[in-house]
Amino acid sequence: MSLTTGTGPFGARPGQFNADVNLPDHLLYFEDSPRRVRAVFAGETIADSRGMKLLHETGHTPVYYFPVADVQTQLLQPGRLRTRSPVKGDATHWSIVVGDRAAPDAAWEYPQPLPEVSWLAGYMAFYWEKVDAWYEEDEQVFVHPRDPYHRVDVLDSDRHVRVSLAGQLLAETKRPKVMFETGQPPRYYLRPEDVHTELLEPSETVTRSAYFGTARHWSARVAGGVVPNLVWSYQQPLRDAEPVRGMYCFYSERVDLELDGASA
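Anyway, here's the lowdown on the structure attached to this text. (Residues numbered from 1 in each chain as written. Predicted model: local features only at pLDDT ≥ 70, side-chain atom pairs only at ≥ 80, totals over all residues. Heavy atoms only, no water.)

A look at the sheet that holds strand S18 (residues 213–222)
Line of reasoning, step 1. Spatially, S12-S15-S16-S20-S19-S18-S17 is the arrangement adopted by the seven strands of the open sheet, whose pairing is antiparallel. Two strands lie at the open edges of the sheet, namely strand S12 (152–156) and strand S17 (200–209), each paired on one side alone. Neighbouring strand axes in the sheet, compared pairwise and without regard to direction, differ in orientation by 35° on average.
Line of reasoning, step 2. Note: S18 against strand S19 (residues 225–233), six bridges, orientation antiparallel. Opposite histidine 217, over in S19, you have tryptophan 232 as the bridge partner. (Pairing = 2+ DSSP bridges. Helix = DSSP H or I, 4+ residues; strand = E, 2+ residues; numbered from the N terminus. Axes fitted to C-alpha atoms, helices over the stretch in contact; angles between N-to-C directions.)

This is the structure we're talking about:
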């Protein structure tokens, strides 16, 4: 779902180029981001910048890097953690301390990065889960930074979609919505009335997406027992998933999916 992961041009499963592209095993790409980004902890804005950078790294989602001048360094104390990256250098870590709350080793920087990534000097990053809230402009962001190279399209379709498992028909429709998401297989979202919901059982599993919001899951009863977490739905989606609000989607790789009479 980015330049350096999955089917992205510099990921593990890229498409085809018209020339040999000799890339290192571990690629870094550092770029400007036009978005104002804020990190909040214990009611304090720890960092607030209009001069953000995004670091794209092989196998990882992007990471926000703040200019150190845009970080409230008076709320940071030296951390105990020391790490070394073979492609970036030695990282210094910092703990956030606000009143009686602390987030140990929550931030890092490369004061003397390796020469080939000297541009990392003067920037600081935070572990996502150690900060209470993140914002791009005035909208809260969840899970990880949104990737500017990530795209989501939801299209109406008249494909004949049939979903079954172990000989049990689970859903059938000729009016799905198809979600095309960068780096992911097409996903077919079905209206509740086109799904045999009587075969579904609520699951306790909840997942979150930076682009779609919180997904509720269901298991399915089929011959042989209950198959856990086979279906999901966004009941209160973020903007990108609004067209599929309340619709059901099956993990196509875990069911028998037919499209227009052919196995998908």
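Focus on the pairing of strand S7 (residues 89–98)
Line of reasoning, step 1. The pairing of strand S6 (residues 76–85) with S7 spans seven bridges and is antiparallel. Of the residues in S7, the one forming a bridge with glutamine 77 is serine 95.
Line of reasoning, step 2. Counted between consecutive antiparallel strands, the loop separating S6 from S7 contains three residues.
Line of reasoning, step 3. Here S7 folds back onto strand S8 (residues 101–109), and the loop between the two strands holds two residues, one of which, glycine 99, carries a positive phi near 60°.

Focus on the sheet that holds strand S1 (residues 28–32)
Line of reasoning, step 1. Pairing in this open sheet of seven strands is antiparallel, and the strands run S1-S4-S5-S9-S8-S7-S6 from one edge to the other. Each having just a single partner strand, S1 and S6 make up the two edges of the open sheet. On average, adjacent strands in this sheet sit at an angle of 35° to one another, irrespective of strand direction.

Things to note about a nonpolar patch on the surface
Line of reasoning, step 1. Together, Phe10, Phe17, Val21 and Leu23 make up an exposed nonpolar region whose accessible area comes to about 320 Å².
Line of reasoning, step 2. Of note, leucine 23 is situated in the segment before S1.
Line of reasoning, step 3. Given a relative accessible area of 38%, leucine 23 falls into the partly exposed group. (Patch = residues over 30% accessible without salt bridge, like charges linked within 9 Å, V, L, I, M, F, W, Y side chains within 5 Å. Areas by Shrake-Rupley, 256 points an atom, 1.4 Å probe, with all protein chains shown as cover. Salt bridge = Lys/Arg side-chain N within 4 Å of Asp/Glu carboxyl O. Buried < 20%, exposed > 50% of the residue type's maximum accessible area, 1.4 Å probe, protein only.)

Looking at the nonpolar core
Generally speaking, nonpolar side chains in soluble globular proteins are found buried as a group.
Line of reasoning, step 1. In this structure, Ile46, Tyr64, Phe66, Val71, Ile96, Phe126 and Trp134 are the most contacted members of the largest nonpolar core, which totals 23 residues.
Line of reasoning, step 2. Taken together, the elements giving at least two residues each to this core come down to strand S2 (37–41), strand S3 (44–49), strand S5 (63–67), S7, S8 and strand S9 (123–126).
Line of reasoning, step 3. Beyond its immediate sequence surroundings of up to four residues, valine 71 is in contact with Ile46, Ala47, Phe66, Leu76, Met124 and Phe126.
Line of reasoning, step 4. In terms of nonpolar packing, the next biggest core, distinct from the first, is built from 22 residues, Leu170, Val178, Leu200 and Leu257 among them. (Core = buried A, V, L, I, M, F, W, Y, C linked by side-chain atoms within 4.5 Å. Contact = heavy atoms within 4.5 Å.)

Focus on unusual backbone geometry
Line of reasoning, step 1. In this structure, alanine 42 is a non-glycine residue whose phi angle is positive, near 55°.
Line of reasoning, step 2. As for its placement among the helices and strands, alanine 42 is situated in the loop between S2 and S3.
Line of reasoning, step 3. A positive phi angle is found at valine 143, which is not glycine, with a value near 75°.
Line of reasoning, step 4. As for its position among the elements, valine 143 is in the loop between strand S11 (139–141) and S12.
Line of reasoning, step 5. Residue class for valine 143 comes out partly exposed when judged on its relative accessible area of 36%.

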